[in-house]
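Inside the fold
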Amino acid sequence: GEVVAPHQGQRDAAGFEASLAKAAAFIDLKAKAEAGDKAAQAEFLVIQLEMGSIPLSEFEEKIKEAGELSKDLQARLEGVRANAEFSELLKSIGNKPENEAVAEAGAKLVEMKKAGRIPTGENEFSTFHSILLEYAFTQKDVAMFEESLGALRERFGKNPQAQQYFDAQEKRLAELKGEK
């Protein structure tokens, strides 16, 4: 069957109830979209893209038919597009050796970053900047390394479990600065 709502909350009764409510809302939205409601069609497409149910290229074709998007949906869509673009990039390099994958992905991520297309999902954001750290390290680009490390620290720095990671990255940054 079709995934209608991935569970993302706590694994308790309240978390599962929230996921169930999300699934019911998705089913209702799908019915409205199929009945011809343009706003529902647009939101349904964004949710499908968000869940990875349709590729970005298919989404781009279908969203044209949905008409004008609300400001809220348009704002949300920018992050969803970046997440989808990033996910598709990761799939395309999945079986390559790590150094080759980092080189290929890193160059593309630099382009995404320059264009302001930074993933917003927590996992996507973390992986995006982690790959950029690796790429910056291989390119000996101190500024890029500092930027991505700063972005990660801003988002995850208060998590005590991340401290060991940040300490290791600070050592790598010192090493990088020493090479320059």
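Above this text you will find the structure in question.
Residues numbered from 1 in each chain as written. Predicted model: local features only at pLDDT ≥ 70, side-chain atom pairs only at ≥ 80, totals over all residues. Heavy atoms only, no water.

Topic: the packing of aromatic side chains
All chains considered together, the criterion is met by five aromatic pairs. With a centroid separation of 6.3 Å and an interplanar angle of 55°, the aromatic rings of Phe 125 and Phe 156 are classed as tilted. Of the two residues, Phe 125 sits in helix α6 (residues 122-139) while Phe 156 sits in helix α7 (residues 142-156), which places them 31 residues apart along the sequence. The interplanar angle of 55° and the centroid separation of 6.4 Å between the aromatic rings of Phe 137 and Phe 145 together place this pair among those described as tilted. When sorted by exposure, Phe 137 lands in the same class as Phe 145, which is buried. Taking the ring centre of Phe 125 as reference, the NZ or CZ of Arg 155 above it sits at 4.2 Å. (Phe/Tyr/Trp six-rings, centres within 6.5 Å; stacked < 30°, edge-to-face > 60°. Helix = DSSP H or I, 4+ residues; strand = E, 2+ residues; numbered from the N terminus. Buried < 20%, exposed > 50% of the residue type's maximum accessible area, 1.4 Å probe, protein only. Lys NZ or Arg CZ within 6 Å of the ring centre and 35° of its normal.)

Some points on the layout of surface pockets
For the second largest pocket, the calculated volume is near 220 Å³. What lines the second largest pocket is a set of 13 residues, among which Leu 49, Glu 50, Gly 52, Ala 84 and Ser 87 lie closest to the centre. Counting residues per element, the lining of the second largest pocket draws most heavily on helix α4 (residues 71-93), which supplies six residues. A breakdown of the residues in the lining of the second largest pocket according to their chemical character gives six nonpolar, three polar and four charged. (1 Å grid on protein atoms, 1.4 Å probe; cavity = no way out; pocket = protein on both sides within 12 Å on 5 of 7 lines; lining within 4 Å. Points joined across faces, edges and corners; volume = space filled by probe spheres on them. Nonpolar A, V, L, I, M, F, W, Y, C, P; charged D, E, K, R; others polar.)

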